[in-house]
Amino acid sequence: MVAAEPDSTPGITQNFVDTLAERAQAAEQLRRLPEQTLADAVASGFLEYLVPKRFGGREEKFPTILDPIRRMAHGCVSSAWTLGFYTLHNWLLALFPEQAQVEAYGSGPFLCPAPLAPTGRGIPADGGITLSGRWSWATGVMGGNWIMVGALCGPDDGLYPALALLPATDITIDDVWHTEGMRATGSNDVVIRGAHVGDHRLVRSIDINSGSAPGATVHDATTYRWPLVPALALAASMPALGAAERATDIYADRLEGRILLYEGGARQQDKPLAQAHLGHARVRLRALRGLLDDTVAEIESLLDAGAPVQVPVRAQARLAAAYIVRESRTIIADLLHASGASVHFTDHPMQRLKRDVDVLSGHVVFDYDTTRELAGVTALGLKAPRTALL
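Parameters at a glance
- Residues numbered from 1 in each chain as written.
- Predicted model: local features only at pLDDT ≥ 70, side-chain atom pairs only at ≥ 80, totals over all residues.
- Heavy atoms only, no water.
- Buried < 20%, exposed > 50% of the residue type's maximum accessible area, 1.4 Å probe, protein only.
- Helix = DSSP H or I, 4+ residues; strand = E, 2+ residues; numbered from the N terminus.
- Pairing = 2+ DSSP bridges.
- Axes fitted to C-alpha atoms, helices over the stretch in contact; angles between N-to-C directions.
- Domains from an automatic or database assignment.
- Contact = heavy atoms within 4.5 Å.
- Buried area = accessible area lost by both parts, 1.4 Å probe.
- Polar contact = N/O pair within 3.5 Å; in protein donor to acceptor, adjacent residues only side chain to side chain.
- Nonpolar A, V, L, I, M, F, W, Y, C, P; charged D, E, K, R; others polar.
- Phe/Tyr/Trp six-rings, centres within 6.5 Å; stacked < 30°, edge-to-face > 60°.
- Core = buried A, V, L, I, M, F, W, Y, C linked by side-chain atoms within 4.5 Å.
- Salt bridge = Lys/Arg side-chain N within 4 Å of Asp/Glu carboxyl O.
- Arc of directions from axis to C-beta.

Named according to an unreviewed UniProt entry, the protein is Acyl-CoA dehydrogenase originating from Nocardia flavorosea.

The structure is reproduced here in structure tokens:
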């Protein structure tokens, strides 16, 4: 039996992770996080890890959220993904102008989906914009009280991509989230029709991507100078890594008790190939954790030195996250293949891990071909496309 991982971060306890596991099947059927899970997450304080101290948060270093997200995925990948994004978006709010932070942090727990693709249009109007559009992949929208969306703003001859912050009362939810995995994220579409967004609730994407958003001057901590794409990619890769770790533990547990009746009653744990599968999975996980640590350390060292995180570093960080997801997905698939037919029952956690990671790997930030190309282009000193997610 594999021993439970000890609690390493206040807030997200082993009991919290175990409870997520107990609720995983019900959450999948509900197609959103249970209300009690949201309440427990708020009570844990995890959502406030990256909230500035002046607004009652902990103002931790950005990488502090990565380990709890990874560990929550041992219980439920969908829950880890959703709660991780809620926490990430609490950080994202700190990059907006100060007035927006006062309004949103001051209204209570900030539960905010953030479909960032600029599929909306913001037309200049009365000290802000009039915003309309439709956005997909709004993770956590079923429990949200605010929303951030990407939009093309400004006049037709001077468009710029930006993020807009609105209360959830300004949106309509379109229930389209009928998927094979990540069902509990409730990532439905949202529609906005002619909502007014003041200038103080807008922040330009170029400033967020470079780590020079308004909040970087409001708060002194290096936490708020992390560029968006590495922050998003690394945080979003943690549920996949946690899922691969959990799949490895489940596989190891099965080896101890699985009897191969059609092989003379042999125990699977005595078969060299079964042992090799386990050894291979564990060394691959060690390599992924090493890649993560190295990537985070490089960015943190630059920020601590007061240096900008240049595009080539951001591209390598995105590639590292994409590789973590790709390799985690392969580890799970390999172990599933080696585990026998019974793991394919719909109530078995192994197949849920696979389905969830299969779906989350489709996130645009993990597009492995594009990400490898961008890392190579920028490493050679060549220009990436202007619209590249870097």
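A. Spotlight on the pairing of strand S4 (residues 160-167). Burial of S4 is extensive: six of the eight residues sit out of reach of the surface. Here eight bridges tie strand S3 (residues 146-153) to S4, and the two strands are oriented antiparallel to one another. The partner of glycine 150 across the bridge, within S4, is leucine 163. Between S3 and the antiparallel strand that follows it, S4, lie six residues; glycine 154 among them carries a positive phi value of about 95 degrees. Alignment of S4 against strand S7 (residues 202-204), held across three bridges, turns out to be antiparallel. Within S7, the position partnered with alanine 162 by the bridge is arginine 204.

B. View of the sheet that holds strand S5 (residues 172-174). Here we have seven strands laid out as an open sheet, ordered S5-S6-S2-S1-S3-S4-S7, and mixed in their pairing. With one partner strand each, in any of the chains shown, S5 and S7 form the two edges of the open sheet. Pairs of neighbouring strands in the sheet enclose a mean axial angle of 25 degrees, with direction left out of account. Sheet topology note: the S5/strand S6 (residues 188-198) ladder contains three bridges and is antiparallel. Of the residues in S6, the one forming a bridge with aspartate 174 is aspartate 189.

C. Summary view of the domain arrangement of the protein. The domain architecture assigned to the protein consists of domain 1 (14-106), domain 2 (120-207) and domain 3 (227-388). Of note, the centres of domain 2 and domain 3, computed from C-alpha atoms alone, are 30 Å apart. Listed as interface residues are four residues of domain 2 and, on the opposing side, four residues of domain 3. The junction of domain 2 with domain 3 conceals about 450 Å² of combined surface from both sides, 69% of it contributed by carbon and sulfur atoms. On the domain 2 side of the contact with domain 3, Glu180, Gly181 and Met182 bury the most area, a combined 86% of that side's loss. Inspection of the region where domain 2 meets domain 3 yields two residue pairs in polar contact (both at pLDDT 80 or more). Its residues placed into classes, the side of domain 2 that touches domain 3 shows one nonpolar, one polar and two charged.

D. Fine view of the packing of aromatic side chains. Per the stated rule, a full pass over the model turns up nine aromatic pairs. Here tryptophan 81 and phenylalanine 85 contribute two aromatic rings whose centre-to-centre distance is 4.8 Å and whose plane-to-plane angle is 70 degrees, an arrangement assigned as edge-to-face. Linking tryptophan 81 with phenylalanine 85, this pair stays in helix H4 (residues 77-93), spanning four residues, or about one helical turn. When sorted by exposure, tryptophan 81 lands in the same class as phenylalanine 85, which is buried. Taking 6.4 Å as the distance between ring centres and 35 degrees as the angle between the ring planes, the aromatic pair formed by tyrosine 323 and tyrosine 368 counts as tilted. Taken together, the positions of tyrosine 323 in helix H10 (residues 311-337) and tyrosine 368 in helix H12 (residues 368-379) put the pair 45 residues apart, joining distant regions of the chain.

E. Region of interest: the nonpolar core. Counting residues in each nonpolar core, the largest one holds 99 residues, and the members touching the most others are Ile65, Met72, Trp91, Met148, Leu165 and Leu360. Here this core gets 18 residues from one element, more than from any other, and that element is helix H8 (residues 228-257). In contact with tryptophan 91, not counting residues within four places along its chain, are Leu50, Phe62, Thr223, Tyr224, Trp226, Pro227, Leu228 and Ala231. Residues Ile129, Val149, Ala164 and Leu166 belong to the second largest nonpolar core, which totals 19 residues.

F. How the structure looks around the pattern of salt bridges. Counted by the stated rule, this structure contains 21 salt bridges. Taking the shortest distance from any N to any O, the salt bridge between arginine 289 and glutamate 245 comes out at 2.7 Å. Pair noted here: arginine 289 is in helix H9 (residues 272-304) and glutamate 245 is in helix H8, with a separation of 44 residues, a long-range link. A relative accessible area of 30% places arginine 289 in the partly exposed class. Residue classification places glutamate 245 among the buried positions, given a relative accessible area of 6%.

G. Main features of helix H2 (residues 35-44). Looking at H2, one finds that the buried residues are Thr37, Leu38, Ala41 and Ser44. Taken around the axis of H2, the buried residues stretch over an arc of 125 degrees, which confines them to a single face. Opposite the buried face of H2, by more than 90 degrees, sit the exposed residues Glu35 and Ala43. Residues of H2 that are buried sit in contact with helix H1 (14-30) and H4.

H. View of the environment of alanine 231. On the secondary structure map, alanine 231 appears in helix H8. Each C-alpha atom of the pair alanine 231 and histidine 280 lies 29 Å from the other, and the pair is 49 residues apart in sequence. The residues contacting alanine 231, other than those within four sequence positions of it, are Phe62, Leu88, Trp91 and Trp226.

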